[in-house]
Amino acid sequence: MKKKVLLMGKSSSGKTSMRSIIFANYIARDTRRLGATIDVEHSHVRFLGDLVLNLWDCGGQEVFMENYFTSQKHNIFRNVAVLIYVFDVQSDQWDKDMEYYTSCLASLRENSRDAKIFCLVHKMDLVVGDDQRQIVFAEREDEIKRLSLPLSVTCFGTSIWDETLYKAWSSIVVSLIPNVSALQAHLETFRTIVDADEVVLFERATFLVISNSNADDARQRDAHRFEKISNIVKQFKLSCSKMAAQFDSLQLANGNYTAHMEAFTPNTYVMVVMHDKAIPSAAILANIHSARKHFEQLEALDERSELA
């Protein structure tokens, strides 16, 4: 099942850097050596087994942008499942950015009316102070949503230097997974059976969060905790690979909880968080092992239904 994803925005907005971090295992500091994208770079990224992202990274130089809306419009904008438009928060050509963005929307209405639209207000780390970042993002989001009407758009403030990039891309990719509601329901059941505080499902290659289930008292914790874990564990996984070692599992414990992260299905990792210290690790691992076959069958069933 292929899904066409357009990644667009003006030159130097950070499109290729974020793609390389999420899908090509770059770390943030290494993206500095990436060159500008020339015209359109195509890549196929397998995600969660049967889902293949047909990613079109479109160069943002003015000569290319003009061609996208004229001679290449039908080729670029037909059969699009998702448009991701990246804005540089500190761009000195914001009006030009908005002009290109509205041209994208017009082209989508002509060629891919059902496409989902996501806007990333990027390089938010360059805005000093948390309060100021929230103010700036809110202003940009309001303007983007106003100009997008009557189309619906989802906005995120992002940076390659923190977990916000993982949060945005997790939301984008999850929107393309057809069985995500069923997956969520089964994860809820699993968490209830094992009496866990939280259960989180990560995609195996990217460590993007696919789904999570938590008890009511767990919802008051850090709202960005899953994306922070994605970022930290992926960096650790990359460090392992540089030492010719393979990341397999992780166990953490402190005075408040224990957390077990294990390879789950061929396409996922699972993390189970427990506050009850009386439950031994062997029992938690046994529960994960027992659930593994069920979730593998669930993935296989969904892949067969898509092929049918």
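In what follows, the structure referred to is the one given above.
So, here is what we can say about the structure in this document. Because the structure is a prediction, the values reported are computed rather than measured.

## Quick word on the overall build of the protein chain
Across its full length, the protein chain carries nine helices and eleven strands. Since a compact globule built from 308 residues should have a radius of gyration of about 19 Å, the 20 Å found for the protein chain is in line with a globular shape. When its C-alpha atoms are laid out on the principal axes, the protein chain stretches across 65 × 50 × 40 Å. Taking all 308 residues of the protein chain together, the buried fraction comes to 51%.

## Quick word on the sheet that holds strand β7 (residues 198–203)
Across the sheet, five strands lie side by side as β8-β7-β11-β10-β9; this open sheet has antiparallel pairing. The open sheet has two edge strands with one neighbour each: β8 (209–214) and β9 (249–253). Pairwise comparison of adjacent strand axes, ignoring direction, gives a mean angle of 10° for this sheet. In this sheet, β8 lies alongside β7 in antiparallel orientation, the contact comprising five bridges. If you follow Glu198 over to β8, its bridge partner there is Asn214. The strands that helix α8 (residues 225–242) touches are β7, β8, β9, β10 (258–263) and β11 (268–274); relative to β7, the one it contacts most, it runs at about 50°.

## Some points on the state of the cysteines
Per the counting criterion, the structure on display carries zero disulfides. Among the cysteines around Cys155, which has no disulfide bond, Cys119 carries the closest sulfur, lying 4.9 Å off.

## Some words on the nonpolar core
Core analysis: the biggest nonpolar cluster contains 47 residues, and Leu53, Ile84, Leu120, Trp169, Phe190, Val272 and Phe295 have the highest contact counts within it. The element that contributes the greatest number of residues to this core is helix α6 (residues 164–174), accounting for six residues. In this structure, Trp56, Tyr68, Val127 and Ile144 belong to the second largest nonpolar core, which totals 34 residues.

## A closer look at the pattern of salt bridges
Scanning all chains against the criterion turns up nine salt bridges. Salt-bridge contacts for Glu41 lead to Arg19; the nearest nitrogen and oxygen are separated by 2.9 Å. Of this pair, Glu41 sits in strand β2 (residues 40–47) while Arg19 sits in helix α1 (residues 15–23), placing them 22 residues apart in sequence. Using a relative accessible area of 14% as the deciding quantity, one classes Arg19 as buried. When the shortest N-O distance is used, the salt bridge between Lys123 and Asp88 registers 3.5 Å. In this pair, Lys123 is assigned in the loop between β5 (116–122) and α5 (130–148) and Asp88 in strand β4 (residues 80–88), connecting sequence segments 35 residues apart. With relative accessibility at 22%, the residue Lys123 sits in the partly exposed group. In this structure, a network of salt bridges that share partners links the residues Arg19, Glu41 and Asp57.

## Remarks on the sheet that holds β2
With mixed pairing, the six strands of this open sheet are ordered in space as β2-β3-β1-β4-β5-β6. Each edge of the sheet is formed by a strand with only one pairing partner; in this case those strands are β2 and β6 (154–157). Taking the axes of each pair of neighbouring strands and ignoring which way they run, one obtains an average angle of 20° across the sheet. Along the sheet, α1 contacts β1 (2–8), β2, β3 (51–58), β4 and β5; its crossing angle with β3, the most-contacted strand, is approximately 155°.

## Notes on unusual backbone geometry
Among all residues save glycine, negative phi is the norm, and among peptide bonds the norm is trans. For the bond from Leu149 to Pro150, the omega torsion is 10°, close enough to zero to count as cis. Mapping Pro150 onto the fold places it in the loop between α5 and β6. For Ser12, which is not glycine, the phi dihedral falls at a positive 70°. Relative to the helices and strands, Ser12 resides in the loop between β1 and α1. Given a relative accessible area of 59%, Ser12 falls into the exposed group. Here Asp195, not a glycine, exhibits a phi torsion of approximately 60°, which is positive. For Asp195, the position within the fold is in the loop between α7 (180–194) and β7.

## A closer look at α6
Most of α6 is tucked away: eight of the eleven residues are buried. When we look at burial in α6, the residues that qualify are Thr164, Leu165, Tyr166, Ala168, Trp169, Ser170, Ile172 and Val173.

## Let's talk about the pairing of β9
Where β9 and β10 come together, five bridges link them in antiparallel fashion. Bridge pairing in β10 places Leu252 opposite Ala259. The antiparallel pairing of β9 with β10 creates a hairpin that spans four residues between the two strands.

Each value, and the rule that gives it
- Residues numbered from 1 in each chain as written.
- Predicted model: local features only at pLDDT ≥ 70, side-chain atom pairs only at ≥ 80, totals over all residues.
- Heavy atoms only, no water.
- Helix = DSSP H or I, 4+ residues; strand = E, 2+ residues; numbered from the N terminus.
- Rg over C-alpha atoms; globule rule 2.2 N^0.38 Å.
- Buried < 20%, exposed > 50% of the residue type's maximum accessible area, 1.4 Å probe, protein only.
- Pairing = 2+ DSSP bridges.
- Axes fitted to C-alpha atoms, helices over the stretch in contact; angles between N-to-C directions.
- Contact = heavy atoms within 4.5 Å.
- Disulfide = S-S within 2.5 Å.
- Core = buried A, V, L, I, M, F, W, Y, C linked by side-chain atoms within 4.5 Å.
- Salt bridge = Lys/Arg side-chain N within 4 Å of Asp/Glu carboxyl O.

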